[in-house]
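Close look at the chain arrangement
The residues making up each chain are set out below.
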Amino acid sequence: MLRRYVLTPQRPPPSSAPLPGSSAGAYTDPHIVTFDGFHYDCQANGEFVLVSAGPFQVQGRFVGPSTSGTVMMAVATADDGAVPVSIAAEPGPGSIVLNGSPVSMYLGGEATPVQSTACFVLAIDESSIDLEFMSGMKLSFSPRQSSVFGCYLEFLNIFLPNALTSDVPVLGLLGSPNGNAFDDWMTPGGELLEVPFDGGQRGIEAYEYCTTNWCIQDAADSLFHYSGNTSHATFSRCGDAYEPADLSSAPSTELVDLCGDNEPCLIDGLVTGDEEEARAALVAGAIVDSARVNSSLLSFSPTAIAQGVAT
């Protein structure tokens, strides 16, 4: 049973001037890191709302062979009324190749060269792509070619400047940037849900949270471009029954030496049987965590900001 909370949006006052903004993200077999540092998994097939803040929204497309193994294949965003832009790890007109993976970009559903536009500045280095929008919102991601999943986005970081989050509720898979991880699970209507710090952040409880609350069910709400014969229905599989990953096998000595006690690394290694997938989770997770810590708001004490009512 999920414990529901009625949310009264409010930001605890910082003890000193806050940093410019907040960062959150997702990586590999999607492991989610919220703005306030809560870690959980969303291994589902479908298109999801990662962040929604007033007129700004970022969506992610998760694709995989089962509900125990999916990855982010594409990301799309609408920046305050601008034409939606989507980036996908797939070949297309004007695409580039980075880290062995094709990357294509679409503006308003039309293929376009992977380059800056009037709405955002795009920068490419040897392994990643950064988009900075006029609002100050930034997306950073790295494509990857995998022997298990094919080509996908290995990690995605989303930075929101304070100006975008000070006056509107921030909702979605990545939680709300207010320094309080206890309110990082919520419904689209703003009701708080109990955050499972006792182990429920992986498995069926996390799967049901993702698919019930943040899966995009209506094609009209999707910001994505669809290539070839695909459509929203091609990727909309949030009704699939949860299939738990088989983690019964003891990890190999090599996997333990690589991962230590890093759970996403161990899980990805056990699920795929591929040490390179484990290594990718280890490296990408460190990138997402580092970005969050370096650009996050100042820490607040986790004080209760809502009354809990069991339903």
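It should be noted that the structure appears before, not after, this text.
Before going further, it helps to spend a moment on the overall build of the protein. On a plain count of helices and strands, the protein comes out with six helices and 18 strands. Here the protein, with 311 residues, has 52% of them falling under the buried criterion. In the protein, the proportion of contacts linking residues at least 24 apart, taken out of those at least 6 apart, comes to 58%. As displayed, the protein offers around 13200 Å² of accessible surface, 54% of which is attributable to carbon and sulfur atoms.

Applying the stated criterion across every chain yields a total of eight salt bridges. We note a salt bridge from Glu-276 to Arg-279, for which the minimum N-O separation is 3.5 Å. In this pair, Glu-276 and Arg-279 both sit in helix H6 (residues 275-295), three residues apart, roughly one turn of the helix. Look at Arg-279 and you get partly exposed, because its relative accessible area is 33%. Bridged by salt links that share partners, the residues Asp-41, Arg-202 and Glu-263 form one connected network.

Within the structure shown, the criterion is met by two disulfides. Here Cys-215 connects covalently by a disulfide to Cys-238, the sulfurs 1.9 Å from one another. Because the sign of the S-S torsion sets the handedness, a value of about 90° for the bond joining Cys-215 and Cys-238 places this disulfide among the right-handed ones. One end of the pair, Cys-215, is in the loop between helix H2 (204-213) and helix H3 (232-235); the other, Cys-238, is in the loop between H3 and helix H4 (253-259), with 23 residues separating them in the sequence. The same class applies to Cys-215 as to Cys-238, namely buried. Disulfide partner of Cys-259: Cys-265, at an S-S distance of 2.0 Å. An S-S torsion of about -65° defines the bridge between Cys-259 and Cys-265 as left-handed. The burial state of Cys-259 is the same as that of Cys-265; both residues are buried. By sequence-ordered numbering of the bonded cysteines, the protein has its disulfides arranged as 1-2, 3-4.

This part takes up H6. Under the 1.5 Å per step criterion, the end-to-end length of H6 is 31 Å for 21 residues, consistent within 8% with the ideal 30 Å. For H6, every residue scored as buried is listed here: Glu-277, Ala-278, Ala-280, Ala-281, Ala-284, Gly-285, Val-288, Arg-292 and Ser-295. Down the axis of H6, the buried set is contained in an arc of 150°. They therefore lie on one face. In this structure, the buried side of H6 is in contact with strand S2 (21-27), strand S3 (31-33), strand S14 (138-146), strand S15 (150-161), H4 and helix H5 (263-272). The backbone nitrogen of Glu-276 lies 2.7 Å from a side-chain oxygen of the residue at the head of H6, namely Asp-274.

About the cut-offs
- Residues numbered from 1 in each chain as written.
- Predicted model: local features only at pLDDT ≥ 70, side-chain atom pairs only at ≥ 80, totals over all residues.
- Heavy atoms only, no water.
- Helix = DSSP H or I, 4+ residues; strand = E, 2+ residues; numbered from the N terminus.
- Buried < 20%, exposed > 50% of the residue type's maximum accessible area, 1.4 Å probe, protein only.
- Contact = heavy atoms within 4.5 Å.
- Areas by Shrake-Rupley, 256 points an atom, 1.4 Å probe, with all protein chains shown as cover.
- Salt bridge = Lys/Arg side-chain N within 4 Å of Asp/Glu carboxyl O.
- Disulfide = S-S within 2.5 Å.
- Expected span 1.5 Å × (residues − 1).
- Arc of directions from axis to C-beta.
- Polar contact = N/O pair within 3.5 Å; in protein donor to acceptor, adjacent residues only side chain to side chain.

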